[in-house]
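# Coordinate analysis (summary)
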Amino acid sequence: MNQRKRVVVGLSGGVDSSVAAYLLKEQGYEVIGMFMKNWHDESVTISNECPWMEDSTDAMLVAEKLGIPFQAIDLSEEYRERIVDYMFAEYEAGRTPNPDILCNREIKFDIFLKAAQKLKAEYVATGHYCQKAEVEIDGKPVYQLLAGADPNKDQSYFLCQLNQDQLSKALFPIGHLQKPEVRKIAKEQDLITADKKDSQGLCFIGKVRLPDFLQQQLKPKKGDILVIPDDLAIYDKKKIPAGIPLEDLEEDVLDGICLPEQYIATQGQKLGEHNGAHYFTVGQRKGLQVGGTGKPLFVIATDTKENIIYTGLGETHPGLLRNGLFVPKKDIHWIREDLRLNMGNSARYLARIRYRQALSPATLIMKAHGLYVIFDTPQKGVASGQFVAWYDGNESIGSGTIF
């Protein structure tokens, strides 16, 4: 029994957080429901697609049904500063941000956590599909972030930037369940959110029209779409040399394999025009509006300074497939501090570069400037600004922002 420990649940107005609150109450916790209002600008949400008013009402009705105290907290100022401004800056620089990962690190498990602590709560809980465990190392508790039991819903990737302190105060009550079981519990308890569709939008903003959202600050400007041939000499250095162990490769060779290619306009041929390089991301196929190419056309790089989009033809174009990536030293994050790699060390892990992607075996090599991640099989659409997360089995060990 947890002696009525107090926990604040982030009630989003969805089924997952509703069931999380119910389960904690059943386990004997003193539960407080809190709704985070992170967004005011109705002009960019798609009308009737989960604007915050409706979610807030649903969250309140769930709290009422469960007989737990409820309050709403307005974090829109912090959200704009820490998430929205970051997104604009990243897109403007031609990088691809992941607002959901940042929202967990900066909002739910920082500002929201501090608000919960003001209410004398010992924990915060969310409806994430992931699990937490604890091991003892050198007499101290070490917290583990584990994948959710439902492989279709595992959200550990979105929490890959949490630290030990944040994990120590986090609870994930539904992580051991499958999604259909969660819906079943919600129905049995007659919770208003039982049949509510999963939100697909930005973390707690609702479904936002991303181009409209970006265009508020990033104005459209015409530029060229260029196609890059697949036999450029520069692609030779992207190949992994045969017969040398990866950890013995020199840094300039690792750079060749892992750093993104810098294209220049003279390497390509014009195919069409676009409305702004900052609206496109590496690996993107839709929205180019160039026909008659035979094979599908993919974005392989964007240059927001020159306003050029570089593309490649076909799924196997060497500009689309990468054997490795690099994480600068300042952007490396270890959930498991005790497993941190020291300079010159290497390790084998499973890694992913986007949510719901299958884990791929990779070698991690730590050098003075940062971490090189080399995959056993080439990865498609490695985008600067996104996060790579590495795992030991189903445990998330660390993550980093891709250079």
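Look up a bit, the structure's there.
Residues numbered from 1 in each chain as written. Predicted model: local features only at pLDDT ≥ 70, side-chain atom pairs only at ≥ 80, totals over all residues. Heavy atoms only, no water.

## Digging into helix H8 (residues 251-258)
Using the following cut-off: A 1.4 Å probe rolled over the protein chains alone gives each residue an accessible area, and that area as a share of the maximum for its type sets the label: buried under 20%, exposed over 50%, partly exposed in between. Numbered from the N terminus, helices here are DSSP runs of H or I no shorter than four residues, and strands are runs of E no shorter than two. By definition, residues are in contact when any of their heavy atoms lie within 4.5 Å.
Buried within H8 we find Leu254, Gly256, Ile257 and Cys258. Summarising the contacts, the buried residues of H8 are in contact with strand S12 (321-328), strand S15 (360-366) and strand S16 (370-380).

## Some details on the sheet that holds strand S7 (residues 170-171)
As a reminder, the rule being used: Pairs of strands are assigned from DSSP output, requiring at least two bridges between the strands. Helix axes are fitted to C-alpha atoms over the stretch in contact, other axes to C-alpha atoms as well, and angles between N-to-C directions run from 0 to 180 degrees.
With parallel pairing, the five strands of this open sheet are ordered in space as S3-S2-S1-S4-S7. Unpaired on one side and paired on the other, strand S3 (70-74) and S7 mark the two borders of the sheet. Looking at chain direction, strand S1 (residues 6-10) and strand S2 (residues 30-37) are connected through five bridges and run parallel. Looking at S2, one finds that Val7 is bridged to Val31. Its contacts with the sheet put helix H1 (residues 15-26) on S1, S2, strand S4 (123-125) and S7, and the angle it makes with S1 is roughly 165°.

## Some points on the side chain of Glu261
With respect to the helices, strands and loops of the structure, Glu261 is situated in the loop between H8 and strand S9 (269-274). When neighbours within four sequence positions are excluded, Glu261 is seen to be in contact with Ile234, Lys237 and Lys238.

## A short note on H1
Rules: By definition here, a helix of n residues has an expected span of 1.5 Å times n minus one.
Its 12 residues place the ends of H1 17 Å apart at the C-alpha level, agreeing with the 16 Å of an ideal helix rising 1.5 Å per residue. By the criterion of burial, H1 is predominantly enclosed, with 10 of the 12 residues buried. Here H1 has its buried residues at Val15, Asp16, Ser17, Ser18, Val19, Ala20, Ala21, Tyr22, Leu23 and Leu24. In this structure, the buried residues of H1 make contact with S1, S2, helix H2 (52-66), S4, S7 and helix H6 (179-188).

## Quick word on the pairing of strand S14 (residues 346-352)
Where S14 lies against S15, six bridges are found, and the strand directions are antiparallel. Counted as the bridge partner of Ala351 is Ser360 from S15. Two elements, S14 and strand S17 (residues 387-392), share three bridges in a ladder whose sense is antiparallel. Across the sheet, Leu350 pairs through a bridge with Tyr391, a residue of S17.

## A word on the pairing of S17
The buried count for S17 comes to five of six residues, which makes it a mostly enclosed element. Here S17 runs beside strand S18 (residues 395-401); their pairing, made up of six bridges, is antiparallel. Among the inter-strand pairings, Phe387 is bridged to a residue of S18, identified as Thr401. Hairpin remark: S17 followed by S18, antiparallel, with two residues in the connecting loop; positive phi at Gly393, about 65°.

## Overview of the nonpolar core
Rule in force here: Residues grouped as a nonpolar core are buried Ala, Val, Leu, Ile, Met, Phe, Trp, Tyr and Cys residues, joined through side-chain atoms within 4.5 Å.
Ranked by size, the top nonpolar core spans 54 residues in total, and within it Ile107 and Phe172 carry the most contacts. Mapped by element, the contributors of at least two residues to this core are S2, helix H3 (76-92), helix H4 (99-118), strand S6 (140-147), helix H7 (210-215), strand S8 (223-227), strand S10 (297-303) and S17. If you tally residues by element for this core, the top one is H4, at 10 residues. Those residues within four positions of Phe172 in sequence are excluded, and the remaining contacts are Phe109, Thr126, His128, Cys130, Gln131, Lys132, Leu145, Leu159 and Leu167. Grouped together as the second largest cluster of nonpolar side chains are 29 residues, Leu11, Ala63, Leu177 and Val182 included.

## Some details on the pattern of salt bridges
Worth spelling out the cut-off: Only one rule defines a salt bridge in this text: a Lys or Arg side-chain nitrogen within 4 Å of an Asp or Glu carboxyl oxygen.
Evaluation of the coordinates by the stated rule reveals 28 salt bridges. A salt bridge links Arg82 to Glu106, with the nearest nitrogen and oxygen atoms 2.8 Å apart. Of this pair, Arg82 sits in helix H3 while Glu106 is found in helix H4, placing the two residues 24 residues apart along the sequence. Since its relative accessible area comes to 30%, Arg82 is described here as partly exposed. Glu106 is the salt-bridge partner of Arg105, the closest N and O atoms lying 2.9 Å from each other. Given a relative accessible area of 16%, Glu106 falls into the buried group. A single salt-bridge network, built from bridges that share partners, covers Asp16, Lys153, Lys179, Arg183 and Asp198.

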